[in-house]
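# Summary of structural features
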Amino acid sequence: MKNLFYLLLILVSCSNQKKSSMKEGTNINIPIIPKEKQFTYSVAVTVYSPYELYINDIAAEKSTEVGANAVVDMNPYMLGNGTHTIRLKLLPQKDKEFLDKEAYDMAHFEVYKVILDEKRNVEYNEEIMKLPLPPMPTPLPYVEMEWEVEITDLPYKLEGWKNSKVFKKEDSLEIKKQVVAYYEELRDILNDGEAEEWINRISRERKEIWTCLYEEESNINENVESLKEDVYQKYKNHMLPLEDYELFFYANGRILSLERKETEEFEGYDANIKGWGPLIYKTDSGGVYHIGMMIHMPKGSDKFKVIR
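Overview of the structure. (Residues numbered from 1 in each chain as written. Predicted model: local features only at pLDDT ≥ 70, side-chain atom pairs only at ≥ 80, totals over all residues. Heavy atoms only, no water.)

## Digging into the packing of aromatic side chains
Taken as a whole and assessed by the stated rule, the structure comprises 9 aromatic pairs. Measuring from ring centre to ring centre gives 6.1 Å for Y182 and F304, while their planes differ by 55°; the resulting arrangement is tilted. Taken as a pair, Y182 in helix α2 (residues 172-191) and F304 in the loop between β19 (295-296) and β20 (305-306) lie far apart in primary sequence, 122 residues in all. Under the relative-accessibility criterion, Y182 is labelled buried at 7%. Among the residues examined, F304 registers a relative accessible area of 7% and is labelled buried. Taken together through their ring pairs, the aromatic side chains of Y54, F248 and Y250 make up a single cluster. The lysine or arginine in question, K62, covers the ring of F248, its NZ or CZ lying 3.9 Å from the ring centre. (Phe/Tyr/Trp six-rings, centres within 6.5 Å; stacked < 30°, edge-to-face > 60°. Helix = DSSP H or I, 4+ residues; strand = E, 2+ residues; numbered from the N terminus. Buried < 20%, exposed > 50% of the residue type's maximum accessible area, 1.4 Å probe, protein only. Lys NZ or Arg CZ within 6 Å of the ring centre and 35° of its normal.)

In structure tokens:
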């Protein structure tokens, strides 16, 4: 068996612009924000066990790896200024019942405020908060913690999922049918190579991502064309069937997501793809990749939309 080499495809070709054609007759307006106000908040993660990181009750990162040294942007999960929650869950390593105490003691997490230049290099960097871990005197099967951080200098305000329909977990069976049907629509759009329709489906999500991550105005058209090219060259006739997934509720029931269950093997690789989105494609060379996707139902609508 081969070791899986995969890419978590985050369609974050971020962009910041006034007006750009997403498709004929459709314009998207992005505010231009001065560089000195383009603050990005991030959680710096140094961990030696699997973990899950949630920003405002939305999964920002789920890792099954033994160790990670990562920086996770918070902006895509923050609609504007106010009090924001960070929740962290540390999990035991594979085939272990409890967290490893030595690995636990070495882990650390911090919140940073940065400004990035056009090449995404750090121009300004400030540590604003440490996320302290409580002592673990006896082995535990997991540790879960939550903190609040007050943010007052974000230069944007997004609608996002603020007024989206709230779904209840007790209705999971019926909701899951509707969610699966929508993901099947998305899969078919990609597999059929319908690039314009794909751009139409993700246009609101792209607008919000491009706004909160301050992409350059000059990159918008290039990013859109790149997304279309992905549909033609990567996804068309390469999407795998949707299968073996779970339904997750985020943002207090306002965001829904299908995610793959734990695996020992996938498409000929020794791999655990737990947490992957179900929109998975396989290249001609055998590489396996997935497209992360969360959905919601906007206020006053009875149809799902892509939100993150």
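Here the narrative resumes, following the displayed structure.
## Here's the deal with the side chain of R87
In this structure, R87 sits in strand β9 (residues 82-90). For R87, a relative accessible area of 19% translates into the label buried. A distance of 3.1 Å separates polar atoms of two side chains, one belonging to R87 and the other to D57. Among the polar contacts made by the side chain of R87, one reaches the side chain of E144 at a distance of 2.7 Å. Once you skip the residues sitting within four places of it in the chain, R87 turns out to touch E52, L53, Y54, D57, E144, M145 and E146. (Polar contact = N/O pair within 3.5 Å; in protein donor to acceptor, adjacent residues only side chain to side chain. Contact = heavy atoms within 4.5 Å.)

## A word on the sheet that holds strand β6 (residues 51-55)
One open sheet accounts for 4 strands, arranged β7-β6-β9-β12; its pairing is antiparallel. Strands at the two margins of the open sheet, each flanked by one partner only, are β7 (58-63) and β12 (143-151). Along the sheet, successive strands turn relative to each other by an average axial angle of 15°, direction set aside. Examined bridge by bridge, β6 and β7 share 5 bridges and lie antiparallel to one another. Paired with L53 across the two strands is E61, which belongs to β7. (Pairing = 2+ DSSP bridges. Axes fitted to C-alpha atoms, helices over the stretch in contact; angles between N-to-C directions.)

## Some points on the packing of helix α3 (residues 195-212) against helix α4 (residues 220-235)
Contact geometry for α3 and α4: axes closest at 11 Å, N-to-C directions at 140°. Viewed along their axes, α3 and α4 adopt a mutual orientation that is oblique. The way α3 lies across α4 gives a crossing that is right-handed. Across the interface between the two elements, A195, E196, W198, I199, I202, R206 and W210 from α3 touch I220, N223, V224, L227, K228, V231 and Y232 from α4. (Parallel < 35°, antiparallel > 145°, perpendicular 65-115°, else oblique. Left-handed = near helix turned anticlockwise from the far one by under 90°.)

That's the geometry; what it means functionally is another story.
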